[in-house]
Amino acid sequence: MQSGARYWDKLRREFDAWDRLNATATLWWRDDDAEQPVEALERLFHLSESHAAPVAIAVSPALAAPALGTRVRKHSECAVLQHGYAHSNHASAERKKNELGDDRPTQTVTEELRNGFHRMQHLFGDRFVKVMVPPWNRISDTLTAGLYDIGFTGISTYLARKTMLEHKLIRCNSHVDIVDWKAGDRFVGTDRAIRLLVDHLAARRAGEVDPNEPTGLLTHHLRHDEDAWQFIEKLLDYTTRHQIVRWRPAAEIFNQELSIVSP
Ligand SMILES: [Zn+2]
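Keep in mind the model is a prediction, meaning the values are calculated, not measured. (Residues numbered from 1 in each chain as written. Predicted model: local features only at pLDDT ≥ 70, side-chain atom pairs only at ≥ 80, totals over all residues.)

J.: Mind showing me how you'd approach the overall build of the chain here?
T.: Each helix and strand counted, the chain has 8 helices and 12 strands in total. Projected onto the principal axes, the alpha-carbon positions of the chain cover approximately 55 × 45 × 40 Å. Classification of the 263 residues of the chain by burial places 41% in the buried group. (Helix = DSSP H or I, 4+ residues; strand = E, 2+ residues; numbered from the N terminus. Buried ≥ 20, exposed ≤ 12 C-beta atoms within 10 Å, placed from the backbone.)

Quick look at the structure:
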């Protein structure tokens, strides 16, 4: 653990810098691919509840079990976002995996997303924050442009946003993916996870990226090894006790910001 201490020290120094600016370091937490209430989801919810840290789970409507809706309602800090439709890859073999690319007619995919939207409303009621989280964080611009008409108010992918408003949608991305997908879904390591966190926070502070975009932790509860779980717990322990850090709920990020930009 001794070797890990210097990484945490890096994060402490970054928060100190925010403190000197008298600014609140806002964070948010997105977890992808929930389908049903399984043990790993219970562990995620327990971490969220015990730290009073709100979590937004991204759910593919075609894969969601009705029991997930019942379970979500019992967790006061949980919002639900729409994760594509069925998490199916429709890209041809030589292209990167994509459910929402230009491989199928726009109308077909839009219809699918609209059906999914209605199922999300039915399953999750007011816990559904009308945000599209495209599977593999990929979506074509044509499909993005049609999301508002389906009823979506927000979108979330990966890496720092360029603009907050896009096709009438509020964008708030995630920035700290803690799963190393190329290494058998292992934890990326404390070094890399903290580097991603500090890099985005420092870039916000320097005005190199939008300072108002909360830094997003991205987790996948079904894929976590023990190290990944330990990291989340330590991060929550550390940040929720820190005066200048605030974990923002998705409902606030994607709704309140809208009222700021509306005349
Ligand atoms: Zn996914």
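Here the narrative resumes.
J.: What should I look at first to understand unusual backbone geometry in this one?
T.: The phi angle of most residues is negative, glycine excepted, and most peptide bonds adopt the trans form. Positive phi outside glycine occurs at Asn 22, with the angle close to 60 degrees. Checked against the element boundaries, Asn 22 lands in the loop between α1 (2–20) and β1 (25–32). Its identity is not glycine, yet Asp 185 carries a phi of approximately 65 degrees, on the positive side. Structurally, the position occupied by Asp 185 is in the loop between β9 (179–180) and β10 (186–187).

J.: Just checking my understanding: could you explain the packing of helix α4 (residues 106–124) against helix α5 (residues 141–150) for this structure?
T.: If you want to describe how two helices pack, look at the angle between their axes and the distance between the axes. Running from amino to carboxyl end, α4 crosses α5 at an angle of 40 degrees, the nearest separation of the two axes being 10 Å. Compared by their axis directions, α4 and α5 come out oblique. Relative to α5, the crossing made by α4 is right-handed. Every residue of α5 that contacts α4 at Thr 106, Val 109, Thr 110, Leu 113, Arg 114 and Phe 117 is listed here: Thr 142, Leu 143, Gly 146 and Ile 150. Of the residues that constitute the contact of α4 with α5, the class distribution is 5 nonpolar, 4 polar and 1 charged. (Axes fitted to C-alpha atoms, helices over the stretch in contact; angles between N-to-C directions. Parallel < 35°, antiparallel > 145°, perpendicular 65-115°, else oblique. Left-handed = near helix turned anticlockwise from the far one by under 90°. Contact = placed C-beta atoms within 7 Å. Nonpolar A, V, L, I, M, F, W, Y, C, P; charged D, E, K, R; others polar.)

J.: Could you clarify how one ought to interpret helix α3 (residues 66–73) in this entry?
T.: Each α-helix winds once per 3.6 residues, and so residues spaced three or four apart point in a common direction. Among all positions of α3, only Leu 68, Gly 69 and Val 72 are buried. What you see down the axis of α3 is that its buried residues fit within an arc of 105 degrees, all on one side. Exposed and oriented more than 90 degrees from the buried face of α3 are Pro 66, Ala 67 and Thr 70. (Arc of directions from axis to C-beta.)

J.: When you look at the nonpolar core in this model, what are you seeing that I'm missing?
T.: Within soluble globular proteins, side chains that are nonpolar tend to cluster in buried spots. Grouped together as the largest cluster of nonpolar side chains are 65 residues, with contacts concentrated most on Val 80, Leu 81, Val 129, Val 131, Ile 178 and Ala 250. Ranked by the residues each element gives to this core, the list is headed by α4, at 6 residues. Discounting residues that sit within four places of it in the chain, Ile 178 has contacts with Phe 187, Val 188, Ala 193, Leu 218, Thr 219, Ala 228 and Phe 231. (Core = buried A, V, L, I, M, F, W, Y, C linked by C-beta atoms within 7 Å.)

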